[in-house]
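If you want the building blocks of each chain, they are given just below.
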Amino acid sequence: MAAAACPLCRKARPAGSVSSHLARPTTPLVARFTAAWTRTRRNDHSCTATASLLSNCSASRVTDAGTAQQPLRTAVEAVTPLWDVVGLGQPMVDFSATVNDDLLVRLGIVKGSRRVISAQQRAEVLQALENTPYQVSAGGSLSNTLIGLARLGHADNCLRGSGGFQVALAAAVGSDTLGSFFAAQSAKAGVAILEESLADSCTGTAIVLTTPDANRTFLSYLGEAHDLQLSAAAKQAISTSRIFVVEGYMWEAGNALATISAAADAARRNNAMVVLTAGDAGVVQRHSQEFWQMINAGIDMLFCNKSEAAALLGRPACTAEEAALALGPYCKIALVTDGAHGSYISAMGQLYSIPPCWTSHTPVDTCGAGDGYAAGAMYGFLCGYDLTNIGRAGARVASAVILRQGATTTEDEAVKLVLALPEITNGQQTSRMDVPQLQNQIQCL
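Keep in mind the model is a prediction, meaning the values are calculated, not measured.

(A) Region of interest: the sheet that holds strand β13 (residues 241-247). The mixed open sheet is built from 9 strands, whose spatial order is β10-β9-β5-β13-β14-β15-β16-β17-β18. The sheet is open, and its two borders are formed by β10 (191-193) and β18 (350-354), each paired with just one other strand. Mean inter-strand twist for the sheet, computed between neighbouring axes without regard to direction, equals 20 degrees. Where β13 lies against strand β14 (residues 273-277), 5 bridges are found, and the strand directions are parallel. Counterpart to F244 in the pairing with β14 is V274. Most of the contacts of helix α5 (residues 232-239) go to β13, to which it runs at about 120 degrees, and overall it touches β5 (83-88) and β13. The sheet contacts of helix α11 (residues 369-383) involve β5, β13, β14, β15 (301-305), β16 (333-337) and β17 (343-347), and relative to β15 the element is tilted by about 155 degrees.

Quick look at the structure:
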């Protein structure tokens with residue numbers, strides 16, 4: 001497998017591997033708020049903990065006392081990969097462009113709309129963009145989140161020797177050129193693709209047209225319709241993961257309910273945390289029954305924005321705060337975002353109001369803001385942040401994504417974000433809870 005150099009420590013690492021560094025000695029990667037916290041972590045080599053000494057790498061794992069520590073993996077774990085996050089989502093390739101309103105009018109597209117288009121319509125839109133600069137990237141809602149999370153984990157690893165995160169997507173990309181592009185971009189970011197490509201299949205695409213007022217129009221070509229199925233490798237990865245994330249868009253696939261329910265049940269049996277993202281309000285409206293069936297079966301974390309939460313609750317006029325309060329009793333942690341108004345987190349019988357992370361720059365493209373929020377929040381969760389700082393980490397990552405075109409956190413942004421995260425807590429190190437604290441809190445739920 002081809003090697004890619006870490007942008008910080010310059011060590012070569014296999015494409016598709018998040019990190020070749022050690023896990024943070026004092027901060028466990030979270031599994032489910034249960035005894036799974038004690039599962040062992042990877043034993044590799046470590047970067048120095050400070051940016052000024054990134055070129056000096058250490059080959060031994062060191063405890064707080066400075067003594068060498070033996071590998072923590074058991075004989076079984078040495079041959080069985082433990083994934084930090086496995087996501088079930090739809091792989092897409094994003095075409096992102098900034099356009100004037102005139103182009104939308106000429107193409108007969110309503111600004112701000114979301115439409116599913118045919119392959120022919122996709123070709124027509126791309127032809128209309130022939131003289132317009134546009135960015136091509138591996139995309140899809142959950143893919144954006146996983147790529148952002150993997151890059152944050154790798155930056156944290158290189159800066160602090162934390163070990164990074166093992167991240168994978170349980171999805172089959174198309175056998176076309178776009179599928180190869182998606183797989184290569186994902187591997188470069190540190191996200192493994194667990195499924196084999198289907199023969200003669202096409203990769204879905206999302207054309208995101210952003211007007212100067214930062215309004216987004218989505219034109220999605222979903223590729224060829226296939227029933228949702230998971231290979232033995234994907235099922236094994238889900239069973240050995242710490243967090244299993246399901247993208248709401250997956251309810252659109254055939255056989256989705258049976259496949260997703262079985263995968264979530266397997267994750268729960270193995271003490272993995274089950275996370276659900278809403279996708280968009282239209283998906284929630286079309287598949288409200290499936291959403292609630294999964295929620296009632298037991299999920300640990302729910303990500304949605306105000307409109308998605310309102311659709312899920314059947315209360316179009318409710319505020320984000322009201323939605324978070326209403327969803328709180330149905331899952332352990334409910335996170336409801338509300339754009340420039342911030343977000344709300346309902347957990348453990350309490351409601352947390354998280355302000356937005358303001359910058360001096362004007363937003364350029366709000367596409368991917370919610371995906372970035374989820375990446376930042378899960379990064380904070382895996383690092384052991386408290387609930388307030390989980391929300392702040394999400395807000396900080398979302399604010400970085402909207403300052404340029406493209407829906408995914410870049411490697412450079414990930415480094416800056418990891419360095420900046422202590423600053424969002426009044427200049428002090430971000431608060432973290434130890435294992436007993438988290439376990440005791442969850443037992444109260």
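Picking up after the structure, the text goes on.
(B) Main features of the pattern of salt bridges. Throughout the structure, instances matching the rule amount to 9 salt bridges. A salt bridge links D84 to R242, with the shortest nitrogen-to-oxygen separation between them at 2.7 Å. Placement of D84 in strand β5 and of R242 in strand β13 is noted, with a sequence separation of 158 residues between them. One salt bridge in this structure joins K306 and D338, with 4.0 Å as the shortest N-O distance.

(C) View of the sheet that holds strand β7 (residues 114-116). Read across the open sheet, the 5 strands follow the order β7-β12-β11-β6-β8; overall the sheet is mixed. The two strands at the open ends of the sheet, each matched to only one other strand, are β7 and β8 (134-139). In this sheet, neighbouring strand axes are inclined to one another by 20 degrees on average, regardless of whether the strands run parallel or antiparallel. When strand β11 (residues 204-210) meets strand β12 (residues 216-221), the two strands line up antiparallel, connected through 6 bridges. Within β12, the residue paired with L209 across the bridge is T217. Packed on one face of the sheet, helix α2 (residues 119-128) meets β6 (92-98), β7, β11 and β12 and runs near 40 degrees to β11. Its contacts with the sheet put helix α4 (residues 177-189) on β6, β8 and β11, and the angle it makes with β8 is roughly 75 degrees.

(D) Layout of helix α13 (residues 411-420). Within α13, the full set of buried residues consists of E413, A414, V415, L417, V418 and A420. At its buried positions, α13 is contacted by α3 (141-160), α11 and α12 (387-401).

(E) Quick look at the packing of helix α6 (residues 256-269) against helix α8 (residues 288-298). Running from amino to carboxyl end, α6 crosses α8 at an angle of 15 degrees, the nearest separation of the two axes being 11 Å. Here α6 is positioned roughly parallel relative to α8, judged by the angle of their axes. Crossing handedness for the pair α6 and α8: right-handed. Note on element contacts: α8 touches α6 through E290, Q293, M294, A297 and G298, opposite L257, I260, A264 and R268.

(F) Main features of the packing of aromatic side chains. Evaluated as defined, the whole model comprises 5 aromatic pairs. Ring centres of F165 and Y379 lie 6.1 Å apart, and the angle between their planes is 65 degrees; on these two criteria the pair is classed as edge-to-face. Here F165 is found in the loop between α3 and β9 (167-169), whereas its partner Y379 is found in helix α11, with 214 residues between them in sequence. Side by side, F165 and Y379 carry an identical accessibility label, which is buried. Considering the side-chain rings of W251 and F291, the 6.0 Å spacing of their centres and the 55 degrees angle between planes classify their relative orientation as tilted. Here F291 lies in helix α8 and W251 lies in the loop between β13 and α6, a separation of 40 residues in the sequence. One exposure class covers both W251 and F291, and it is buried. What links up through ring pairs into an aromatic cluster is the set F165, Y379 and Y385. Directly above the ring of F218 sits R114, whose terminal nitrogen or CZ lies 4.2 Å from the centroid.

Here is what the cut-offs are and how they apply
- Residues numbered from 1 in each chain as written.
- Predicted model: local features only at pLDDT ≥ 70, side-chain atom pairs only at ≥ 80, totals over all residues.
- Heavy atoms only, no water.
- Pairing = 2+ DSSP bridges.
- Helix = DSSP H or I, 4+ residues; strand = E, 2+ residues; numbered from the N terminus.
- Axes fitted to C-alpha atoms, helices over the stretch in contact; angles between N-to-C directions.
- Contact = heavy atoms within 4.5 Å.
- Salt bridge = Lys/Arg side-chain N within 4 Å of Asp/Glu carboxyl O.
- Buried < 20%, exposed > 50% of the residue type's maximum accessible area, 1.4 Å probe, protein only.
- Parallel < 35°, antiparallel > 145°, perpendicular 65-115°, else oblique.
- Left-handed = near helix turned anticlockwise from the far one by under 90°.
- Phe/Tyr/Trp six-rings, centres within 6.5 Å; stacked < 30°, edge-to-face > 60°.
- Lys NZ or Arg CZ within 6 Å of the ring centre and 35° of its normal.

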